[in-house]
Structures are given as C-alpha cells and as structure tokens.
Amino acid sequence: MKRRLSRDIEGSSSSCEELMEVCKRARHPSEDSGDLASNWAWIPQEVLLRIFQYLPLLDRAFASQVCHGWNQAFHMPELWRCFEFELTQPASSYLKATHPDLIKQIIKRHSNHLQYVSFKVDSSTESAEAACDILSQLVNCSLKTLGLISTARPSFMELPKSHFISALTVVFVNSKSLSSLKIDDTPVDDPSLKVLVANNSDTLKLLKMSSCPHVSPAGILCVADQCHGLRELALNYHLLSDELLLALSSEKHVHLEHLRIDVVSENPGQQFHTIKKSSWDAMVRHSPKFNLVMYFFLYEEEFGPFFRDEIPVTHLYFGRSVSKDVLGRVGMNCPRLVELVVCANGLRPLDEELIRIAERCKQLSAIGLGECEVSCSAFVEFVKMCGRRLSQLSIMEEVLIPDHKYSLDEIHWEVSKHLGRVWFPDMMPTW
Amino acid sequence: MAPNSIHWFRKGLRLHDNPALQEAVRGAGTIRCVYFLDPWFAGSSNLGVNRWRFLLQCLDDLDSNLRKLNSRLFVIRGQPANVFPRLFKEWEISRLTFEYDSEPFGKERDAAIKKLAMEAGVEVIIKISHTLYNLDKIIELNGGQPPLTYKRFQTLISRMDPPEMPVETLSSAFMGCCITPVSEDHSEKYGVPSLEELGFDTEGLPSAVWPGGETEALTRIERHLERKAWVANFERPRMNANSLLASPTGLSPYLRFGCLSCRLFYFKLTDLYRKVKKTSTPPLSLYGQLLWREFFYTAATTNPRFDKMEGNPICVRIPWDKNPEALAKWAEAKTGFPWIDAIMTQLRQEGWIHHLARHAVACFLTRGDLWISWEEGMKVFEELLLDADWSVNAGSWMWLSCSSFFQQFFHCYCPVGFGRRTDPNGDFIRRYLPVLRGFPAKYIYDPWNAPDSVQAAAKCIIGVHYPKPMVNHAEASRLNIERMKQIYQQLSRYRGLGQVLAISEALMLDEKAWLTLSCSSPVTPHQLTLGIAHSDLWLVCSWLAMETQFMKPQIHSACADAASRDSLEIYSE
C-alpha cells in the first residue's frame, strides 16, 4: 500500500515521525546514539502490537511503510478487530472518507478478524450504497457489534429497501454472534428481524432501532420473545405494546437495563395508544434498576394519553413545548425520575410544578430548562429541596425571573450554597 | 524638524477616544488621515450594500468632522502594502499611527506594514482602543491560553485593573500648529466615493435604518443612557415584540466600526449606574454587550483558523451536511417558516436583527434543523449584518452551533413556538412578510396548518404564494439532537470498541487548557486527563457515577479552586 493516503491537516504524526526517526538511526547507527537505537529494528511483534495499538490508523499506516517487520505487525489480526468505515462524498460532506484501497485491503485480508464494526455515512445515497456493498462482502465475519450511523440526513432510508435488507441479512446470517446492533433510521423490516433472531437470539444484548418505519409491533415482539439476553432496546412509541413489556419481563428474560422510547408526532392532532400501568409494573418488578428514557417531540395538545398513571420513567426529554399541566402530571406520576429536560414551556412561571417535582421525584439529579420561566425564589426553593443530589443543573439565563427576594446577580450564590459547588446559569451571547 | 504624520484609519472611525490619532498629531507639523478602500468595485455583485453604505457614511462623517478642524480624510484606492511606500516618499512621512487590530490577519498585515515603515525610516505608534483591555494581558493571566468559557473570562476580568479612561476628542486646541495640506483637487483624488461610484445599483434602495458615523453614534449613546436612567433598571430587559425592531438606541454596528469607543460606553454606563443606584460597584452584567464582544476578540486573537472548523483547535468537527440548495433557501428567506423568513428578511433589508433572532436562525441552519455548517451561516452574516466583525461573528456562530465553548446542546429553538411566544400577534411577521398579512395570529407562524378556507381568505395559498415548510421540525430536531449526542459520545472515541482510556491526576486547568492523553489500563475514578488529539477537540473518558442521557455532564474537581472550577467542564457520555 503506497503513500496515497492523504494527510489530515491536523493529523499529528509527531509520534510517527519519532518512530521513523528512530528507525532511520537504526539503519545508520551514529557514534553517539548508543546501541539502543539499533535495537528498534528487532522489537518483538508482541511489543510492536502494544505500541501500534496506541497509534491511530494513519500513523500505523505510515509506520507500516518503514520495514518488512513493521509491515507484518500492521497486519496482525488484533489490530483489525475494530473498524469504523467512514463513507462520505465530497459533494455532501466536509469530512474525509476511508480510502477505497484501504477498504479493499480490509475485505481481502482482515474480514475474518473484524468483530466490532460501524459504518458512518453522510446524506448522500452513494455513501449508503457503499456501506451496503461492504456489508454484503462480510461473509467471513463473525461480528459482535454492528452500527449503521447516519451523520446527517438518514441516507439508508433512500436506498431501495430490498437492496438494504439483503446486505444487512448477510451479516445477520453469517455472524451468528451479534451482541450489539444499531440500525436506527434504516428500512429494516419484520422479516429481516426474524432472520436476526433466527441466527443471533442467544447473543443479542443491545438493539437500537429508533425510527425504523417498516417494523411493526409484531416484529419487535418476536425479538423480545426470542432474545432473552436483550438488555438494551431503543424504539419508537408506535412499536411499544403491553405484550412487548410483558415479554421483556418474562421469567426467561434477563434484567433489562435500558429502554429508550421516542414519541414523535407526524402530524398535529395525532392519537397515541396507552400502555397499561400493569405492564409498567411488571417491568419494574422484573428489572428494578432499569433506565426508561423517553424523548417527546409532540404538539402540546397531543399529550392527552401520557402521564395519567404512574410510569417508571427515569430520563425525560421534552423536545418541543410542553404545557404546565403536563409538567404537573409529571411531578405526580414519575417517582423514579432522575433526569428532566424541558426545551420550552410558555410564559407562565413553572414555580409550583418545579416544587412538586422536587418533593416527589426524590431521585432527580439532573435538570435542564430552556425557554421557560421560573421565579428566582421558587428556583432557590427547588434547589434547596433537592440539595446536593443535583449534579447537573443547566438553566438558561433567561429562564430565571428576578423577584423581590433575589436578583440575577444574587441568585447564583444562593444556589451555589445549596448545591455545595459554584454554579452559574447557562449563558448565550448578547451582542 | 516637526514630523509629518499619517494616521491610518481601519476601524476606530472616530475622533473621540482615539489615542493613536492623538499621537499622530502630537508635536507634528502635518497630519493626514488615510483610509484604504480595496477592492474598489465592491458593488459589482451588490453584496453587502448595507455594510458598504454604513462604511461610506462613517467615512463621510469623519471627513466632515475633520473639516471642522481644517483637515480632511484621504480615501485611497489600493492595498496599504503597495501604496504606503509611495505615500511615505511623496508626503515625506516620518510617523505612522494606527489603532491596534487584534485579529490574526490584522496582526499579520500590520507586522508587514511596520516593517515597511521602519525600512523607510518611519516611526510607528500603535495604541489599543478598539477593546476595553489589552487582550494579551488577559491571555497571560489565564496561563497563556484564551479563556474558553464566558464565566472564566469574567473571573479574569474582575481580577484586572479597570479599562483605561477614554482620551479627549481631537480638537483645534490639541492640534495646535499641526495642519493638513489639502489640495484643490482633494475631493477628486481623495474624496469619499458614493455607493454608485463603487458600482452599486442604488435605484429603489430604501434609506438606511442604521445611519453610519461617529456623530450618529454619539447621539445614540446619549439616548441609550437616557432611556436606561429613565427606567432606572439595569437588568436585562424582558424580550417582547418591540425588541425585535431596530432601536434608535442600538449601538452594536457603531461599536464594530469604531464610530463609538467601547471605553467611552463603558465609563458612561458606570457613571450612570453609580448616579442612579448610589453604589460604587456595578455588577459585570451591566457591561454584558461589551464583555461578550471582548470575550470573542480574546478567543480569536491567537487563532488564525478561528473562523474554520478544520484545523481549528477549539472547534469540534461535526459532520455537517453540504447542501447549497437548502442554504440558499435559508439565506433568501424562503424556508417556509415565517419566523425564520421574517428575521432573514429584516436582516437583508436593514442589516440588524435582535440577538435572540440570531439564535433562532443560527440554530435553524445548524444544529436545529438543516444541519448545515456554521461557516456558511457566518459568511451570510458577514455580508448582511452590520455589526458582524470577524472574531465576534465566527465566535458566535461556533457558540450557537454548539461547536465550541462548552455550552449545552439539549435546547433547540423551535421555528414556530419561539416566535409565537415572543410576538403572539405576529406583527413582526406581517411587517417583513407582507404576503402573509392576511393570516390570523393563530396560523401566522405555521400557515401550512391553516385550513384551505383561511388560506384563501388570506389570499395566500401555501405552496403557491409562500413556500411550504422545507423540513419537518420534529423529525429534523429529533435526528439532530441524536447527531450532537453522537459527536460528543464519539469524543470518548474508544468506548464501545473495547478500549478504555487511562487517566492521571487532573492538573489545575486554569494553568493549562489541555493535557496529554494516554491509553492503557482501566479507569480509576479519581484520575482524569483531557487531551487534544489530532483534529478532535477534547477526548474524554467517562467516570461519572451518574450517566446523563441528554446533557453534557459537569465535573467539579475537588482539587481545583473555586475560580478554576468553572473552566472544568468536561464531556462524557
């Protein structure tokens, strides 16, 4: 492999230069450099391996040009367990792609060494196609981890569905030991999930598939029924069902650690189904420590079905405006709440709602408030009640409304006092 | 023999608080004030007509004020490096003065001119007056690195001596025997050109909402202070619909061009506060506008790549999308979101928008909806925004796109909701987007949701007379918040791929902005190392007992003292 790899401007090759310098000296030992220099050419492979593990790929590649021994070390299987394919086009991305020659080399020489693989693609369809192309060639791989990540618009969704599915199922069928799978924003469907399950049910621990519109509740239920080792799951609300939660809480199933649910509205006025309290209770009984992370991107009027009963949510994110009323219900019904983010509320102060959350959500340790309003006094009261358990307090400066008790300049001292550390609100430039 | 001086105007377009100009005049026989205009035919593309008009008005004002002192402004075509040698000879110059320019390219240009001048036997005097402080002192106080959080910056400032007092305005008395030789044909040779002469098409150009010049600036600052005194309230004013409109007391463009001295503003604010509140120590928040400006100047002064993502040590590399079509829609106010389009229309027409409006459109372009690079937005602002100079513009864009400066990314401005909360009636929209005038307040922020009957009544069909929304905001913001999370997770690069970062005792981060990173054995919670490696910003390892899902965790080291604690913001997953 010749020096066609283009150098990253910031790519620090200082470590690499040093190595090359030392190796040069090894070939032409000078009088004063001592005999240590000449030993660099004879480092045992195991030691070289350790050194190479600290170098990023580009530096390793340069090092591999130095001599035959180092070139051999470069190709040792241990260095090819993890790889991230970066697939971009100059017309759609500022970042550089993994060199096509390198990709060819990997498929030729190292595909059976690969275990932890991810694909990062930009918004162009060509990049997604290139990813599928590589995937279909990974026949000799027994992957443990596979991640398909879109760094901008989800280009996997623009591929013909069958093309994507056939590439993906190559990995499902051949790996047989997939433990971690990230396929958010892809056209994966129920039949392909069946293939996944048929081949990897013993090993699958993590499955992230938010925004996969071709999957149905039945499809995901199949996964929960068969993959009893599943510990982490991420999906959209429309795939959530009472049956799913019960399947995840069945005796055969391990404790669930992490469940992420995205609740996204396609059109205003969308109706959402409800989940029975008993299903949530079963989950908590089975996996008392599990994290339930919920992202809400709804219009204010769509929150009707939510937070009417107790729900074991631990991390709650409101991406759009959420009403005072709903936040009041959150205070009443989310005793396990650990983290809360409210991007926007309205122009009426959230004083009561915050105090109630401080009272009833005893585990709360992180809160972020965006376009909301809270009076300074209520905020100080809130912090006092939570005390030092609040390790994350991210409040935009405009949120706090000065009142007769506190001005903006005074409030940060009060809050710092109760938190036991120096605290300031988040600031935005004003110019 | 009394020297012949040139004072070189770049920014600092004023006669008040201009120490470099004073030095040019002091003891001199002749003084000539020059301004270089290049390229001359800036108007060929009609880009930035407001900015050019403002500048020409500043130059006109300078010329007219200099006339009162029997002097004139000399506007010269060409590059300083090419023209100065001729001028030094022709006018027998022995002294050159100018105001210090802290921006990296300014420093480079000035170093070259200084060299040129010294070779020609010309004494060079440079004075700081565009910023409140000597920025190099701030950096020195922070251990050789510019502070990267605003809080840290404020802490450093509060430890320094206050800014120097503004010097007196240039007067006939000060000038004494110093004169300016003005030829008969001065106006033809060195007069301030008009917009038309520069190639701009001014037919139908509405009059300037923000008139340029020192005279206007000084009038405004009096008005600004009067209003503050009358309100007797120095708190940040609550945002309302009126705040969105251009204010006759707005000062930012004048500060940018230097028509108004920031030091003058600083001291007048201080005096007023002391008079009204009868206490002697104003809080730092009083100077908010000035200090943000200073903060960005400080951050940029040693970083020539401050306005870029690649090769910029303080900028996170985010995989922005390249999408010229989408960018054009944003820049030309055709996004289909009235709030965004109205703001961009005001920007293009008038040259100024409220800072919260800037947040809204910047967020929409970058991390909120379009996922386009902040560098593109910065270029559009540079052309259209009167107060956007290099450091402040680039810095603000990096801030608003969450590319640097440690801020949280969880909060995204909604292009419908934010506007609606600020101006419920929608008057701002109607003013700048007359095509939407017929919509009732209920639908004016999201007219695509209006029933057909309402659209027909408003004589504006969405998709025909006004574009449909170019993105689905819920979907876009959901995706983008996930992307941002990925970026910051990716910064702890080796997690999830089996390797773990080793950490060592955290050094005092107010001494060093970065430390070295090493990878070897398992994490021990009390040790922690930050590093800059390759082109990533911070490589971080996770050691928190508590994992945050949505935000960047704040780690507070027990070993750092209170002042440096605020610079200890480290990211993890």
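On a predicted model such as this, the values are computed, not experimentally measured, just so you know. (Residues numbered from 1 in each chain as written. Chains lettered and ligands numbered in written order. Predicted model: local features only at pLDDT ≥ 70, side-chain atom pairs only at ≥ 80, totals over all residues. Heavy atoms only, no water.)

Draft legend 1. How the structure looks around the overall build of chain A. Summing up its helical and strand segments, chain A has 15 helices and 14 strands in all. For the C-alpha atoms alone, the extent of chain A along its principal axes is close to 80 × 55 × 45 Å. Here chain A holds 431 residues, and the buried ones make up 58% of them. Sequence separation of at least 24 residues holds for 71% of the intrachain contacts in chain A that already meet a minimum separation of 6. Element-wise, carbon and sulfur atoms account for 52% of the exposed surface of chain A, whose accessible area totals about 18100 Å². Across chain A, the centroid of the 45 positively charged side chains sits 6 Å from that of the 54 negatively charged ones. (Helix = DSSP H or I, 4+ residues; strand = E, 2+ residues; numbered from the N terminus. Buried < 20%, exposed > 50% of the residue type's maximum accessible area, 1.4 Å probe, protein only. Contact = heavy atoms within 4.5 Å. Areas by Shrake-Rupley, 256 points an atom, 1.4 Å probe, with all protein chains shown as cover. Lys, Arg positive; Asp, Glu negative; His and termini not counted. Charge placed at Lys NZ, Arg CZ, Asp CG, Glu CD.)

Draft legend 2. Region of the structure containing the domain arrangement of chain A. As assigned here, chain A comprises domain 1 (43-79) and domain 2 (302-319 + 328-430). Using only C-alpha atoms to locate each centre, domain 1 of chain A and domain 2 of chain A end up separated by 51 Å. (Domains from an automatic or database assignment.)

Draft legend 3. Representation of the packing of helix H8 (residues 190-200) of chain A against helix H9 (residues 217-226) of chain A in the model. All names here are of chain A. In the contact formed by H8 and H9, the axes pass within 9 Å of each other and the chain directions differ by 10°. Accordingly, the angle class assigned to the pair H8 and H9 is roughly parallel. Along its contact with H8, which presents Asp190, Leu193, Lys194 and Val197, the element H9 presents Gly219, Ile220, Cys222, Val223 and Gln226. A breakdown of the residues in the contact of H8 with H9 according to their chemical character gives five nonpolar, two polar and two charged. (Axes fitted to C-alpha atoms, helices over the stretch in contact; angles between N-to-C directions. Parallel < 35°, antiparallel > 145°, perpendicular 65-115°, else oblique. Nonpolar A, V, L, I, M, F, W, Y, C, P; charged D, E, K, R; others polar.)

Draft legend 4. Layout of the sheet that holds strand S3 (residues 73-77) of chain B. Residue and element names in this part refer to chain B. The sheet built from five strands is open, its strands ordered S3-S2-S1-S4-S5 with parallel pairing. The sheet is open, and its two edges are formed by S3 and strand S5 (123-127), each paired on a single side. Strand-to-strand, the axes of this sheet are offset by a mean angle of 25°, without reference to chain direction. Docked against the sheet, helix H2 (residues 49-67) engages strand S1 (4-9), strand S2 (30-37) and S3, running at close to 170° with respect to S2. Contacting S1, S2, S3 and strand S4 (95-99), helix H3 (residues 80-90) crosses the sheet at an angle of about 160° to S1. (Pairing = 2+ DSSP bridges.)

Draft legend 5. Highlighting the UniProt feature "binding site: FAD" (unreviewed entry) in chain B. All names here are of chain B. Per the UniProt record, "binding site: FAD" (unreviewed entry) is annotated on Gln289, Leu290, Leu291, Trp292, Arg293, Glu294, Phe295, Phe296, Asp387, Ala388 and Asp389. Residue classification places Glu294 among the buried positions, given a relative accessible area of 0%. In contact with Glu294, other than residues within four places in its own chain, are Thr131, Leu132, Tyr133, Leu135 and Phe153. In this fold, Ala388 is placed in the loop between helix H16 (374-384) and helix H17 (390-400). (UniProt positions renumbered as here; feature names shortened; annotations may be inferred.)

Draft legend 6. Structural context of the packing of aromatic side chains. Under the criterion given, the structure shown has 56 aromatic pairs over all chains. Residues A:Tyr295 and A:Tyr317 carry aromatic rings whose centres are separated by 5.1 Å and whose planes lie at 40° to one another, so their mutual orientation is tilted. Of this pair, A:Tyr295 sits in strand S8 (residues 291-297) while A:Tyr317 sits in strand S9 (residues 315-321), and the two are 22 residues apart along the sequence. Pair check on accessibility: A:Tyr295 and A:Tyr317 agree, each one buried. Consider the rings of B:Phe105 and B:Trp390, whose centres lie 6.0 Å apart with planes at 80°: the pair is edge-to-face. Taken together, the positions of B:Phe105 in helix H4 (residues 104-119) and B:Trp390 in helix H17 put the pair 285 residues apart, joining distant regions of the chain. (Phe/Tyr/Trp six-rings, centres within 6.5 Å; stacked < 30°, edge-to-face > 60°.)

Draft legend 7. Quick look at a negative patch on the surface. Taken together, the side chains of B:Glu196, B:Glu197, B:Asp201 and B:Glu203 present a region of like negative charge at the surface. Relative to the helices and strands, B:Glu203 is located in the loop between helix H8 (186-190) and helix H9 (214-231). (Patch = residues over 30% accessible without salt bridge, like charges linked within 9 Å, V, L, I, M, F, W, Y side chains within 5 Å. Salt bridge = Lys/Arg side-chain N within 4 Å of Asp/Glu carboxyl O.)

Draft legend 8. A look at the pairing of strand S11 (residues 366-371) of chain A. Residue and element names in this part refer to chain A. Most of S11 is tucked away: six of the six residues are buried. Handedness of the crossover is the feature at issue here: the chain leaves strand S10 (residues 339-344), passes through helix H13 (residues 351-360), returns alongside S11, and the resulting connection is right-handed. In the sheet, S11 pairs with strand S13 (residues 392-395) via four bridges, with the strands oriented parallel. Across the sheet, Gly368 pairs through a bridge with Ser394, a residue of S13. (Right-handed = clockwise from strand over helix to strand, strands pointing away.)

Draft legend 9. Geometry of the interface of chain B and chain A. With 74 residues of chain B at the interface, the matching set in chain A holds 81 residues. Interface of chain B and chain A: buried area, both sides summed, is about 6900 Å²; carbon and sulfur atoms make up 56% of it. Taken together, the connections running from chain B to chain A amount to six salt bridges. As a salt-bridge pair, A:Glu371 and B:Arg421 come within 2.6 Å of each other at their nearest N and O atoms. Put simply, chain B and chain A have 16 residue pairs in polar contact (both at pLDDT 80 or more) between them. (Buried area = accessible area lost by both parts, 1.4 Å probe. Polar contact = N/O pair within 3.5 Å; in protein donor to acceptor, adjacent residues only side chain to side chain.)

Draft legend 10. Representation of the UniProt feature "site: Electron transfer via tryptophanyl radical" (unreviewed entry) in chain B within the structure. Mapped onto this numbering, the UniProt entry annotates "site: Electron transfer via tryptophanyl radical" (unreviewed entry) at B:Trp320, B:Trp374 and B:Trp397. A maximum C-alpha distance of 13.7 Å places the annotated residues, which cover 78 residues in sequence, within one compact spot. On the secondary structure map, B:Trp320 appears in the loop between helix H12 (288-300) and helix H13 (324-331). B:Trp320 gets classed as buried once you look at its relative accessible area, which sits at 1%. Residues within four places of B:Trp320 in sequence aside, it is in contact with A:Ser92, A:Ser93, A:Tyr94, B:Met309, B:Thr366, B:Arg367, B:Trp371, B:Ile372, B:Ser373, B:Trp374, B:Ser401 and B:Ser403. Here B:Trp374 is to be found in helix H16. Not counting chain neighbours up to four residues away, the residues in contact with B:Trp374 comprise B:Phe306, B:Asp307, B:Lys308, B:Met309, B:Cys315, B:Trp320, B:Thr366, B:Ala394, B:Trp397, B:Met398, B:Ser401 and B:Ser403.

Draft legend 11. Region of the structure containing the side chain of B:Asp110. All names here are of chain B. Locating Asp110 in the fold gives a position in helix H4. On the basis of relative accessible area, Asp110 is assigned to the buried category, the value being 6%. Side chain to side chain, Asp110 and Arg109 meet in a polar contact 3.0 Å long. Other than its neighbours up to four places away in sequence, Asp110 contacts Trp8, Arg10, Phe98 and Asp101.

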